[in-house]
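# Architecture and fold: a report
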Amino acid sequence: MYSAMCDSERLKSMKDNTSMANQCSTTCKSSVSFTCPMVLRLIGCLWLLLQTTVNATSLLDLGMFQNPPEDPCFNNSRAIKCVPNFENIAFGREVKASSTCGSPPSKHCTPKRSDNELRNCFICDSRRQYPSNYLTDLNNQHNETCWVSNPGEEYQSNASLTLSFSKKFEITYISLQFCSAIADSMAFYKSKDYGKSWIPFQYYSSNCSGFYNKDPRALVSKTDEQEALCSESYSKVSPKIGTRVAFSTLKDRPSSYYFEESPVLQDWVTATDIRIVFQKLPKPKYIGRLPGENAQNEMFYGVSDFAVGGRCKCNGHASKCVKSTEGKLVCDCKHNTEGADCEKCKPFHLDRPWARATPANAHECVGKWYSWIRFNYCVLIHRTQEIMPSTRD
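Residues numbered from 1 in each chain as written. Predicted model: local features only at pLDDT ≥ 70, side-chain atom pairs only at ≥ 80, totals over all residues. Heavy atoms only, no water.

Enumeration over the complete set of coordinates arrives at 11 salt bridges. Between K192 and D267 there is a salt bridge; the shortest N-O distance is 2.9 Å. A residue pair is termed long-range when its members are at least 10 positions apart, and K192 in the loop between β9 (185-191) and β10 (199-205) and D267 in helix α4 (residues 263-268) qualify at 75 residues. Taking the relative accessible area as the measure of exposure, K192 reaches 27% and is therefore partly exposed. The partly exposed category is assigned to D267, whose relative accessible area is 29%. Among the charged side chains, a salt-bridge network with shared partners connects K81, E170, E260, K313 and R356. (Salt bridge = Lys/Arg side-chain N within 4 Å of Asp/Glu carboxyl O. Helix = DSSP H or I, 4+ residues; strand = E, 2+ residues; numbered from the N terminus. Buried < 20%, exposed > 50% of the residue type's maximum accessible area, 1.4 Å probe, protein only.)

According to the stated counting rule, one finds 14 aromatic pairs in the structure shown. Ring plane angle 75 degrees and centroid distance 5.9 Å describe the contact between F178 and F278, whose orientation is recorded as edge-to-face. A residue pair is termed long-range when its members are at least 10 positions apart, and F178 in strand β8 (residues 159-178) and F278 in strand β13 (residues 270-280) qualify at 100 residues. Taken individually, F178 and F278 each receive the classification buried, so the pair is uniform in this respect. With a centroid separation of 6.3 Å and 75 degrees between ring planes, the pair formed by F188 and F247 is classed as edge-to-face. Taken together, the positions of F188 in strand β9 and F247 in strand β12 (residues 244-248) put the pair 59 residues apart, joining distant regions of the chain. Across the pair, exposure class does not vary: F188 and F247 are buried alike. One aromatic cluster in this structure is built from F188, F201, Y204, Y234, F247 and W268. (Phe/Tyr/Trp six-rings, centres within 6.5 Å; stacked < 30°, edge-to-face > 60°.)

Summed over all chains, the structure comprises nine disulfides. Sulfur-sulfur distance for the disulfide between C101 and C124 comes to 2.1 Å. Judged by the sign of its S-S torsion, about 85 degrees, the bond between C101 and C124 is right-handed. Taken as a pair, C101 in the loop between β4 (95-97) and β5 (106-110) and C124 in strand β6 (residues 120-124) lie far apart in primary sequence, 23 residues in all. (Disulfide = S-S within 2.5 Å.)

Of all hydrophobic cores here, the largest spans 43 residues; its most connected members are F188, F278 and F306. Elements with a minimum of two residues in this core: β8, β9, β10, β12, α4, β13 and β14 (302-312). It is β8 that contributes the most residues to this core, nine residues altogether. Sequence-distant contacts of F306, that is, excluding residues within four places in its chain, are made with A90, V95, L135, T136, L161, L163, I174, S175, L176, I274 and I276. With eight residues, the next largest nonpolar core counts Y189, A228, C230 and V277 among its residues. (Core = buried A, V, L, I, M, F, W, Y, C linked by side-chain atoms within 4.5 Å. Contact = heavy atoms within 4.5 Å.)

Further remarks concern the environment of F169. Along the polypeptide, F169 turns up in strand β8. Residue F169 is classed as buried on the basis of its relative accessible area of 2%. In sequence terms F169 and I89 are 80 residues apart; their C-alpha atoms lie 8.7 Å from each other.

Okay, the pairing of β8 next. Of all 20 residues in β8, 15 are buried; the element is thus mostly enclosed. Bridge analysis of β4 against β8 gives three bridges, and the strand direction is antiparallel. Bridge pairing in β8 links K96 to T162. As paired elements, β8 and β13 share eight bridges and run antiparallel to each other. The residue bridging L161 from the neighbouring strand is I276, located in β13. By the bridge criterion, nine bridges tie β8 to β14 in an arrangement that is antiparallel. Across the sheet, L176 pairs through a bridge with F306, a residue of β14. (Pairing = 2+ DSSP bridges.)

All right, on to the side chain of T358 then. Locating T358 in the fold gives a position in the loop between β18 (344-345) and α5 (369-387). Look at T358 and you get buried, because its relative accessible area is 13%. Leaving out residues up to four positions away in the same chain, T358 has contacts with K81, E260 and H363.

Rendered as structure tokens:
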């Protein structure tokens, strides 16, 4: 009955087991032949475990006996909250600009600070370019590089910059440094669905009520902490060349000191994309008093630095983000969680609902030990049967 399973041809893949095969064949011919399949399955299981979990050559590497590096997500095997590093997540990323000078060639001049000052002008063409990749390169005050838009034909001229992360991030600040006069009116937007829809983050204008229908004196209430505000503070900056505009996502939000307990604010700072929309150019104050001066030469947007401070969103269950086998950026999830943002529990670890980790409680996903054993036993038996299929007489 079991002669086929004991055939020596089926044991060639098992190195150094010839004697065991002969012994098994002898046993099969005896009155206790029912033990042979059990022995064969046991050998197959052990061989499978050896193949999948142990590399024989690594046994000679003494480094395997050293203590593993500390995992920020655990403290002496106890799960704790962990987060990826805070960084400028815009650095080196591509920025898509709706308008960039150079085609056709155009002349640009920075505004004068006084009536007697000469303007600083430059040409933008195919040889002297000011592309959008200058926005997220290394910002060096001694060697400033700028993105420059095409000249506008009227003061209410639109241009936009879009930065995509291809994953959810938690945003702390957005910063722009102008190398032209600061825009008279502009809006910051965010997307949580990879650019399918856009949500206002912040407005800036010299006339908030007239341009955006927003009260510049308005405050965020605790009942609506995802309300975008409008600020007129930068319209009063002088001189306006080189002005840096910085928006803090949690500033003046009532629950900002209790961020870990506020799902509303956690959602507020979450974004997959950021878009800046410039909507109105500033009007020059000192122009047209000297021969050859043209106001249109000053009607452009120029930005030298576009920075976004934040961290990869992992809900407190990962200390870093890595590239997946598909090349996508995902969290390196711990605490028995999984998903691009560690947003769910692994199978067989569902004994309590998933929750975001906090400093007080890591909310590690847990499951009954016998559920895990049952699952892995089934997988092991299935793979063993693929290697050593049972036969019939």
